Amino acid sequence: MDRKVRVRFAPSPTGGLHIGGVRTALYNYLIAKKYNGTMILRIEDTDQTRYVEGAEEYIREALEWIGITLDESPWHGGEYAPYRQSERKAIYKKYVEQLIKEGHAYYAFDTEEEWDKKRKELEAAGVVSPQYNSITRMQMKNSLTLSEEEVKAKLTSGEPYVVRLKVPRKEDIRVQDMIRGWVVFHSSLLDDKVLLKSDGMPTYHLANVVDDYLMEISHVIRGEEWLPSAPIHILLYKYFGWEQEMPQFAHLPLILNPDGNGKLSKRYADQLGFPVFPLQWKNPEKNETMAGYREEGYLPEAMVNFLVLLGWNAGTEQEIFSIQELTNLFSIERIGKSGTKFDINKAKWFNQQYLKGKSNEELTQLFIIDLNKKGIALSQDKAEKIVSILKERVTFVKDFMTEGHYLFHAPTIFDEQVASKKWNQQVVDVLLAYKNIIQSLDKELDAHTAKELLNQITDQLSIKFGSIMQGVRLAITGGGAGADLMEIIAFLGEKEVSERIDYAITHLKVV
RNA sequence: GCACCGUUCGUCUAGGGGUUAGGACGCAUCCCUUUCACGGAUGAAACACGGGUUCGAUUCCCGUACGGUGUACCA
């Protein structure tokens, strides 16, 4: 790559940024970093009817959370500013006029009703998908069919119009895609796309090409849903005379619903209970709140790792990658061609891996932050102990609380299955003796001591240690499974343990 | 409908004219363990189908099927 690498992520501020968009941003970012290039964020807000308040801020926060830093953006500025298409309106106007003058675009004055009528006529005549194209445009009201005077008159009278691209009738348009190779489209299947809307705003096609050119974008890395409109873009580059500056294209495989039934959708994800948004998204218009990965407890580095592998692989057996490693290893050549079904289990696994990779100190900090959010206060010391007891068994930070509920609250209900099998007079005898012994203890009740004392009792009573363990666990935690019981006892301390023993003995019936 | 893209275990994927088709998630079994988890070991599990080309095809070509995307004054 001899050209300076400049890539852009260009979302529309129409709502929360979809997780697929986050992956696209990530791929762009990795390419920028790999080649020491520039990562640009451009806001494509040309559809004013779909603009959603707060969406821009959301995009910014989401990228920040995931760890994507921007070199140029509406918020950081840059020498190619402005980076918001709505603020570049005048620029497009100029270029569209060039196209018209050179005969590659034309004014169209048809109203929606007129085109609708024409479409119905065509349908009635057996045309399957009527298009405003090289044939039909000659039957419509536009600067190709109207006289120069008529056009001028309409323009000066302020009659609304759009500008359409004059797509050639018969021409092969070849798109070179870095992932798919050459893809050929025939121009007869393309319609005369609107370039400039009647409100004076450009459509995606125009704005995109003009901006990519002006911003000297070297690679356009975007979702596969854009592949069908790539020939329109190619045509525009050609008509503008920018073929030499045309970026290289890479159309990414789509992220699909878990059963492969369409693009990953919010509705589907809701049904299966996982988010499609990186951050929680509160739609200001509909007053609804959508779940986000951050709030669900996913670590950003785990999400990066999970997302990058949705459509790319290093070709080795490595699967845990730091962002630095990805920066070196990532390559467009190793991006796959086929759609990728979303598997939330894999995301969970990555999260667990990253959680385990953190030091106890880091985890303690995260744990305390999580507790604070829930309005629970806990000493640093206790939090750290809980972390060390539970570290190997959690997938999310929030699991420290749920998995370790027995460290926070004494059980009030007991697992009936365990009780019916493991609760007996022997256990009660042991517990009573144990309570006595720990209450009169003159040293600290650590895990080692807790076990030693319990062993003493079982030895004295000639009981097998294993036979009463589940019963003891039941009394102290309310259940039959969990972390190392001796660690739990040490954590709770003799007073709490004694109270739990009393409670269990009075509330559980010996059978 | 039409155009385009795609198709290796359930999922993410490696591979590529001759392989015991490899790994990971998930699943199962076993080991470790006071239990559960972690960890370790093992196992079940895939080249969509049909034609070519070839000594040989999962790999190359063609077709079919299936899936996806697009077909807006949305991006």
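Residues numbered from 1 in each chain as written. Chains lettered and ligands numbered in written order. Predicted model: local features only at pLDDT ≥ 70, side-chain atom pairs only at ≥ 80, totals over all residues. Heavy atoms only, no water.

(A) Local environment of the overall build of chain A. Looking only at helices and strands, one finds 21 helices and 13 strands in chain A. The C-alpha radius of gyration of chain A comes to 32 Å, more than 25% above the 24 Å expected for a compact globule of 511 residues. Across its three principal axes, chain A shows a C-alpha extent of roughly 110 × 50 × 35 Å. With 511 residues in all, chain A has 50% of them scored as buried. (Helix = DSSP H or I, 4+ residues; strand = E, 2+ residues; numbered from the N terminus. Rg over C-alpha atoms; globule rule 2.2 N^0.38 Å. Buried < 20%, exposed > 50% of the residue type's maximum accessible area, 1.4 Å probe, protein only.)

(B) Molecular detail of the protein's contact with RNA strand B. Around RNA strand B, the structure places 59 residues, and the nearest of them are Ser129, Arg180, Lys197, Glu392 and Arg393. Sugar and phosphate atoms form 73% of the subset of RNA strand B atoms that lie within 4 Å of the protein. In this structure, tyrosine 204 approaches RNA strand B through a main-chain N or O atom, which is 3.2 Å from a phosphate oxygen. Backbone polar atom of glycine 482 to a base nitrogen of RNA strand B: 2.7 Å apart, as the coordinates give it. (Near = heavy atom within 4 Å. Polar contact = N/O pair within 3.5 Å; in protein donor to acceptor, adjacent residues only side chain to side chain.)

(C) A look at the pairing of strand S2 (residues 38-41). The alternating pattern of S2 places Thr38 and Ile40 and Met39 and Leu41 on opposite faces, both of which are buried. The pairing of strand S1 (residues 6-9) with S2 spans four bridges and is parallel. In the strand pairing of S2, arginine 8 is matched with isoleucine 40. A crossover links S1 with its parallel partner S2, the connecting element being helix H1 (residues 19-34), and its sense is right-handed. (Pairing = 2+ DSSP bridges. Right-handed = clockwise from strand over helix to strand, strands pointing away.)

(D) How the structure looks around the environment of leucine 146. Tracing the backbone through its elements, the reader meets leucine 146 in the loop between helix H4 (112-124) and helix H5 (148-156). For the pair leucine 146 and tyrosine 27, spaced 119 residues apart in the sequence, the C-alpha separation amounts to 47 Å. In contact with leucine 146, not counting residues within four places along its chain, are Phe109, Lys141, Val151 and Lys154. (Contact = heavy atoms within 4.5 Å.)

(E) View of the confidence of the model for chain A. Residue-level pLDDT values for chain A average 95, and 100% of them are 70 or greater. Scoring the predicted complex yields pTM 0.95 and, for the interface, ipTM 0.95. (pLDDT = per-residue confidence, 0-100.)

(F) Seen up close, the packing of helix H18 (residues 425-439) against helix H19 (residues 447-460). Relative to each other, H18 and H19 sit at 130°, their axes nearing to 10 Å. With respect to H19, the axis of H18 lies oblique. As for the relative orientation of H18 and H19, their crossing is right-handed in sense. Facing Val430, Ala433, Tyr434, Ile437 and Ile438 of H18, the residues of H19 in contact are Ala450, Leu453, Leu454, Gln456 and Ile457. A per-class count over the contact of H18 with H19 returns nine nonpolar, one polar and no charged. (Axes fitted to C-alpha atoms, helices over the stretch in contact; angles between N-to-C directions. Parallel < 35°, antiparallel > 145°, perpendicular 65-115°, else oblique. Left-handed = near helix turned anticlockwise from the far one by under 90°. Nonpolar A, V, L, I, M, F, W, Y, C, P; charged D, E, K, R; others polar.)

(G) Highlighting the side chain of lysine 391. Among the secondary structure elements, lysine 391 is positioned in the loop between helix H14 (380-390) and helix H15 (399-403). No salt bridge is formed by the buried lysine 391, whose closest oppositely charged neighbour, glutamate 392, lies at an N-O distance of 5.5 Å. From its side chain, lysine 391 meets the backbone oxygen of lysine 358 in a polar contact 2.8 Å long. Leaving out residues up to four positions away in the same chain, lysine 391 has contacts with Leu355, Lys356, Lys358, Ser359, Asn360, Leu363 and Phe400. (Lys, Arg positive; Asp, Glu negative; His and termini not counted. Salt bridge = Lys/Arg side-chain N within 4 Å of Asp/Glu carboxyl O.)

(H) Fine view of the pattern of salt bridges. In the structure shown here, the tally under the stated rule is 28 salt bridges. Between arginine 50 and aspartate 47 there is a salt bridge, with the nearest N and O atoms lying 3.6 Å from each other. For aspartate 47, a relative accessible area of 30% gives the class partly exposed. Ionic pairing is found between glutamate 171 and lysine 238, a salt bridge with its closest N-O pair at 3.0 Å. Here lysine 238 lies in helix H7 (residues 230-240) and glutamate 171 lies in the loop between strand S4 (162-165) and strand S5 (172-177), a separation of 67 residues in the sequence. By relative accessible area, which is 24% here, glutamate 171 ends up partly exposed.

(I) Representation of the packing of helix H20 (residues 465-477) against helix H21 (residues 485-507). Interhelical geometry of H20 versus H21 gives an angle of 75° and a closest axis separation of 9 Å. With respect to H21, the element H20 is oriented roughly perpendicular. Contacts from Phe465, Met469, Val472, Arg473, Ala475, Ile476 and Thr477 in H20 reach Leu485, Met486, Ile488, Ile489, Leu492, Val497, Arg500 and Ala504 in H21. Considered class by class, the residues forming the contact of H20 with H21 number twelve nonpolar, one polar and two charged.

(J) Focus on H18. If you check H18, its first and last C-alpha atoms are 21 Å apart, about what 15 residues at 1.5 Å a residue would give, namely 21 Å. Along H18, the residues classified as buried are Val427, Val428, Val430, Leu431, Tyr434, Lys435 and Ile438. What you see down the axis of H18 is that its buried residues fit within an arc of 160°, all on one side. Contacts made by the buried residues of H18 are with helix H17 (416-422), H19, H20 and H21. Between a side-chain oxygen at the N-terminus of H18 and the backbone nitrogen of glutamine 426 the separation is 3.2 Å; the capping residue is asparagine 424. (Expected span 1.5 Å × (residues − 1). Arc of directions from axis to C-beta.)

(K) Inspection of the pairing of strand S8 (residues 219-223) at higher detail. Most of S8 sits inside the fold, with five of its five residues counted as buried. Bridging between S8 and strand S9 (residues 248-252) involves five bridges; their strand directions are parallel. Opposite isoleucine 221, over in S9, you have alanine 250 as the bridge partner. Handedness of the crossover joining S8 and S9 through H7 is recorded here as right-handed.

(L) Structural view of the environment of methionine 401. For methionine 401, the position within the fold is in helix H15. Contact partners of methionine 401, with chain neighbours within four places excluded, come to Phe367, Leu371, Lys374, Ile376 and Phe408.

(M) Summary view of the layout of surface pockets. Approximately 1200 Å³ is the volume attributed to the largest pocket. If you trace the largest pocket, you find 46 residues lining it, with Pro11, Ser12, Thr14, His18 and Glu225 closest to the centre. Those elements giving two or more residues to the lining of the largest pocket turn out to be S1, H1, helix H6 (204-214), S8, strand S11 (281-283) and strand S12 (288-290). With four residues, the single largest contributor to the lining of the largest pocket is H1. When grouped by side-chain class, the residues that make up the lining of the largest pocket number 18 nonpolar, 14 polar and 14 charged. Structurally, the lining of the largest pocket is a two-domain feature, drawing no fewer than three residues from each of domain 1 (1-73 + 253-357) and domain 2 (89-207). Of the voids in this model, the second largest pocket is the one considered here, and its volume is about 420 Å³. Along the wall of the second largest pocket there are 15 residues; nearest its centre are Arg294, Gly297, Asp370, Lys373 and Val397. Among the secondary structure elements, those contributing two or more residues to the lining of the second largest pocket are helix H9 (293-296) and helix H13 (360-373). Among the elements that line the lining of the second largest pocket, the one with the most residues is H13, at four residues. (1 Å grid on protein atoms, 1.4 Å probe; cavity = no way out; pocket = protein on both sides within 12 Å on 5 of 7 lines; lining within 4 Å. Points joined across faces, edges and corners; volume = space filled by probe spheres on them. Domains from an automatic or database assignment.)

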